[in-house]
Amino acid sequence: MKKINLSELSSCLINWISAERGKRSVMATDGKTMRGNANKQHKAYYVVSVFVAENQITLSEINVEEKTNEIAAVPELLDLINVNGVVVTADAMSCQKKIVEKITSSNVSYTIGLKQNRPALYKDTQDYFHTFFS
């Protein structure tokens, strides 16, 4: 009995979904704690995933040790998938220089949440909007 090569299966599924994906689809990156699976042997599992809104499917995900590893996992996920012609969205945790560089190097549209986790950028953004929109 042969085992399925999970890497090849994953690649085939990603290629299939990419082919079916419509133009200008939205790919949301996010990390989530899988509640209810922690026990005495391990903490709750934490995954970072890419969700394709139009297809209602998680295209790819990576298990990470803890929430802070989401920052390293997002660029890794973006390497696994074809982001041409999509809008990439991410929450404020992904408002990191390396993540934005990875997204912009793909020449795609994106939106990333901004909170006061980046104080200088937050203030610059506030100043910009007060200057041009008040």
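See the structure shown above.
Let us now look at the side chain of Thr29. Summarising the element assignment, Thr29 is placed in strand S1 (residues 26-33). Contacts of Thr29, omitting those with residues within four sequence positions, involve Ser49, Val50, Val74, Leu78, Val88, Thr89, Ala90, Asp91 and Ser94.

Taking strand neighbours across the sheet as the criterion, the five strands line up as S3-S2-S1-S4-S5 in an open arrangement whose pairing is mixed. Bordering the open sheet on either side are strand S3 (57-64) and strand S5 (109-112), each of which pairs with just one other strand. Taken pair by pair, the neighbouring strands of this sheet meet at an average axis angle of 20°, ignoring direction. Sheet topology note: the strand S2 (residues 46-52)/S3 ladder contains seven bridges and is antiparallel. Looking across to S3, one finds that Phe51 is bridged to Thr58. Across the sheet, helix H3 (residues 97-105) lies against strand S4 (87-90) and S5, angled at about 160° from S5, the strand it touches most.

On to the nonpolar core. Core analysis: the biggest nonpolar cluster contains 24 residues, and Met27, Val48, Leu59, Ile81, Val83 and Ile103 have the highest contact counts within it. When residues of this core are traced back to their parent elements, those giving at least two are helix H1 (6-20), S2, S3, helix H2 (70-80), S4 and H3. The residues touching Val48, leaving out its near neighbours within four places in the chain, are Asp30, Gly31, Ser60, Glu61, Ile62, Val64, Glu70, Ala73, Val74 and Leu77.

Two side chains bearing opposite charge may form a pair once their charged atoms approach each other closely. Applying the stated rule across the entire model yields three salt bridges. Lys123 is paired through a salt bridge with Asp127; the nearest N and O atoms lie 3.1 Å apart. Taken together, the residues span about one helical turn, with Lys123 and Asp127 both in helix H4 (residues 119-133) at a distance of four residues. On the basis of relative accessible area, Lys123 is assigned to the partly exposed category, the value being 46%. By relative accessible area, which is 33% here, Asp127 ends up partly exposed.

Definitions and limits used
- Residues numbered from 1 in each chain as written.
- Predicted model: local features only at pLDDT ≥ 70, side-chain atom pairs only at ≥ 80, totals over all residues.
- Heavy atoms only, no water.
- Helix = DSSP H or I, 4+ residues; strand = E, 2+ residues; numbered from the N terminus.
- Contact = heavy atoms within 4.5 Å.
- Pairing = 2+ DSSP bridges.
- Axes fitted to C-alpha atoms, helices over the stretch in contact; angles between N-to-C directions.
- Core = buried A, V, L, I, M, F, W, Y, C linked by side-chain atoms within 4.5 Å.
- Buried < 20%, exposed > 50% of the residue type's maximum accessible area, 1.4 Å probe, protein only.
- Salt bridge = Lys/Arg side-chain N within 4 Å of Asp/Glu carboxyl O.

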